[in-house]
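What follows is the residue order along each chain.
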Amino acid sequence: MVVWLMHTDPDWAPALVSKFLEMLPALGALDLIEASGHPELWVHLNRISNLTKLTVKGGPDAAIAEIIANNPHLTHLELLAPSYPYGIGDYARTLHSFLAKVPQGRPLRLEHLGVTGYCVHLDDETLPHLRHLRSLELKSIPYIPDDEDKRQYYAEDLVSKSDRFGSSSEHLWGAVRREGIPIEMVVAAADDAVIDYLASATYIKKIGLLWADTDALAKKFFTQVIPRHSKNLVSLSIEAEFEGPWCFGKHNIDIFLGCTQLSELSISVNTSSTDEEEDGSIDGLMNQIMAMAARMPNLCRLELFSAVRETLRDARSETPMNEYVWNVCFELCRSVASFGPVDPAVHPNIIAVDDADQSKFQPQRRADGVIKYVNVHAQ
């Protein structure tokens, strides 16, 4: 596998490196991050034909479509919008444009598709490539509302492409259900459509929910979705937007414990649940989380998110929200480091905190013989 962070390269590098990649006959996986428009780069990359996994962030549509078409054995495809789009055209790209050059009689047999920031529509042109899909990740998918008053605030190019090549969440997940695509792993924004899909799916191993909000949806998720898939789930991630029922609490401890095969769990914390703790800190909440984790025999990795306090929902600026989130993350890191002693036989091997440093803690034995969590990312 080759990962190429192209935005850090000098001007002479793209042609030289791409020519080298072309000469690797066994190259099966390629990540192009912040791909440039250097013409000689794509000449060489278009000669690669044995890829099974491709991730592209940015780059010219037509050139990327050519690479995809030249690699008929692709099973994993990740299409990511650039970090800093050069114009509205970067937002208006579509799944259709990236698959446009694949011969109609030879569709891809994709098992994983990840799309971030591009329009997605499932129809006769795109569905043939997705019949064997097992994993679908949709993040920040542009969706233009039908309301004309709201549509006026969107660029004309994005509106026209969204109408033709984009879909609402209801259409996307409705099409997946109708077509009987055997998806086992889902990562998407938590809305009515995806929750309805998960509540009706027969076999799900991984769930990742983003920007989770709305109390009614949380109730439906914990009472209908999780119990339906509790014996199969190996990975569960819930990233709540605001503190509330989507976060860890006494209302969902038993539900999490029912997921007996879970090896990865990512949850948001609700600091308001610590208000009654005697020490007034987040340590009481951490003790509850770790007590639950100790009863989950297959749990290897635990990740903690900070959600925004509900009282800040109507804040006029994002500054107090961001400050609150980072303060909670700081307290989470402090609490993880102070927890102990750690028993590696029952406690997670990795605890991650979604802070600016992406802190990662693992058990280590100190000089006094006590095992504590240490931030290995900081070492």
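Owing to the predicted nature of the structure, the values given are computational and were not obtained by experimental measurement. By convention here, each chain's residues receive numbers from 1 onward along its written sequence. Totals for whole chains, interfaces and linings use all residues, but because this is a predicted model, local features are given only for residues with pLDDT of at least 70 and pairs of side-chain atoms are given and counted only at 80 or more. Computation of side-chain values covers all heavy atoms of the structure but excludes hydrogens and water.

To continue, consider the overall build of the protein. Going along the chain from the N terminus, every DSSP run of H or I of four or more residues is numbered as a helix, and every run of E of two or more is numbered as a strand. Within the protein, the regular secondary structure consists of 13 helices and 14 strands. Across the 379 residues that make up the protein, the buried fraction comes to 50%. Residue pairs at least 24 apart in sequence account for 61% of intrachain contacts in the protein once pairs closer than 6 positions are excluded. Only the protein chains shown count as cover for residues, and the accessible areas themselves come from Shrake-Rupley with a 1.4 Å probe. Accessible surface, the protein: about 18300 Å² in total, of which carbon and sulfur atoms supply 51%. Using a 1.4 Å probe on the protein chains alone, a residue whose accessible area is under 20% of its type maximum counts as buried, one over 50% counts as exposed, and one in between counts as partly exposed. Every residue pair with non-hydrogen atoms within 4.5 Å of one another is taken to be in contact.

Here the focus is the packing of helix α8 (residues 169-179) against helix α9 (residues 192-200). For any two helices packed against each other, the geometry is given by the interaxial angle and the distance between the axes. Whenever a helix is involved, its axis is fitted only over the stretch in contact; in every case the axis is a line through C-alpha atoms, and angles between N-to-C directions fall within 0 to 180 degrees. For the pair α8 and α9, interaxial distance at closest approach is 8 Å and the crossing angle is 20°. Taken together, the axes of α8 and α9 are roughly parallel relative to one another. Handedness of the crossing formed by α8 with α9: right-handed. Judged by residue contacts, S169, E170, W173, V176 and R177 of α8 engage A193, V194, D196, Y197 and S200 from α9. Polarity classes work like this: nonpolar for Ala, Val, Leu, Ile, Met, Phe, Trp, Tyr, Cys and Pro, charged for Asp, Glu, Lys and Arg, and polar for all others, with Gly in that last group. In terms of residue class, the contact of α8 with α9 is made up of five nonpolar, two polar and three charged. The labels follow the angle: roughly parallel below 35 degrees, roughly antiparallel above 145, roughly perpendicular from 65 to 115, and oblique for the rest. Take the far helix as your reference; a near helix turned counterclockwise from it by less than a right angle gives a left-handed crossing, and one turned clockwise gives a right-handed crossing.

This part is about the pairing of strand β9 (residues 235-240). Buried residues dominate β9, accounting for five of its six residues. Taken together, the five bridges between strand β8 (residues 206-212) and β9 define a ladder with parallel strand orientation. Among the inter-strand pairings, K206 is bridged to a residue of β9, identified as S235. Assignment of crossover handedness uses the view with strands pointing away from the viewer, where a clockwise path from the first strand over the helix to the second indicates a right-handed crossover. In terms of handedness, the path from β8 via helix α10 (residues 215-229) over to β9 forms a crossover that is right-handed. Relative to strand β10 (residues 264-269), β9 is paired through three bridges, and the arrangement is parallel. Bridge pairing in β10 links S237 to S266. Between any two strands, at least two bridges found by DSSP are needed for them to pair.

When you tally the buried positions in β8, you get five out of seven residues, the bulk of the element. Bridge count for strand β7 (residues 185-189) against β8 is five bridges, and the pairing is parallel. Within β8, the residue paired with A188 across the bridge is L209. One crossover worth recording links β7 to the parallel β8 by way of α9, and it is right-handed.

Side-chain rings of Phe, Tyr and Trp (the six-membered ring for Trp) are treated as a pair once their centres are within 6.5 Å; stacked means planes under 30 degrees apart, edge-to-face means over 60, and tilted covers the remaining angles. Within the structure shown, the criterion is met by six aromatic pairs. Seen from their ring centres, F221 and F222 are 5.3 Å apart, and the 75° between their planes marks the pair as edge-to-face. Both residues of the pair, F221 and F222, count as buried. By the ring-pair criterion, three or more aromatic residues cluster together here, those being F221, F222, W246 and F256. Think of it as a cone above the ring: NZ of Lys or CZ of Arg counts as a charge over the ring if it is within 6 Å of the ring centre and within 35 degrees of the ring normal. Here the guanidinium or amino end of R313 rests over the ring plane of F242, the centre of that ring lying 4.1 Å away.

All right, on to the pattern of salt bridges then. Here, a salt bridge means any Lys or Arg side-chain nitrogen found within 4 Å of an Asp or Glu carboxyl oxygen. As enumerated under the stated definition, the model contains twelve salt bridges in all. Put simply, E66 and K101 hold a salt bridge, and the shortest N to O gap is 3.0 Å. Of this pair, E66 sits in helix α3 (residues 61-69) while K101 sits in the loop between α5 (95-99) and β5 (112-116); the two residues are 35 residues apart in sequence, bridging distant segments of the chain. According to the relative accessible area criterion, K101 is partly exposed, its value standing at 39%.

Time to look at α10. Any helix carries an expected span of 1.5 Å times its number of residues minus one. Between its first and last C-alpha atoms α10 spans 21 Å; for 15 residues at 1.5 Å apiece the expected length is 21 Å, and the two agree. Along α10, the sharpest kink reaches roughly 35°, centred on F221. Contact partners of the buried residues in α10: α9, β8, β9 and α11 (253-257). What the bend at a residue measures is the angle between two axes, fitted to the seven residues ending there and to the seven starting there.

Residues shown with low pLDDT carry predicted positions that ought not to be read at fine detail. The predicted model of the protein averages 87 in pLDDT, with 84% of residues at 70 or higher. Scored from 0 to 100, pLDDT reflects the predictor's confidence in each residue. Mean pLDDT across the elements of the protein ranges from a minimum in helix α4 (residues 88-91), with 47, to a maximum in β9, with 98. The low-confidence segment residues 85-90 (pLDDT under 50) makes nine contacts with residues lying over four places distant or belonging to another chain.

Residue G340 is joined to P341 through a cis peptide bond whose omega torsion reads 5°. Relative to the elements of secondary structure, P341 occurs in the loop between α13 (319-338) and β12 (350-353). Although it is not a glycine, T214 adopts a positive phi angle of roughly 75°. By secondary structure assignment, the location of T214 is in the loop between β8 and α10. Residue T214 is classed as partly exposed on the basis of its relative accessible area of 43%.

Moving on, we get to the side chain of K372. Tracing the chain through its elements places K372 in strand β14 (residues 371-375). Here K372 is buried and forms no salt bridge, its nearest opposite-charge partner D368 lying at an N-O distance of 8.5 Å. As used in this structure description, the phrase polar contact means that two N or O atoms lie within 3.5 Å; if the pair is within protein, one of them must be able to donate a hydrogen and the other to accept it, and residues adjacent in sequence are counted only when both atoms belong to side chains. One polar contact links the side chain of K372 to the main-chain carbonyl oxygen of S338, over a distance of 2.7 Å. Here K372 is in contact with A337, S338, F339, G340, V342, Q362, P363, Q364 and R366, once residues within four sequence places are set aside. Residues scored as charged are limited to Lys and Arg (positive) and Asp and Glu (negative), so that His and the chain ends carry no count.

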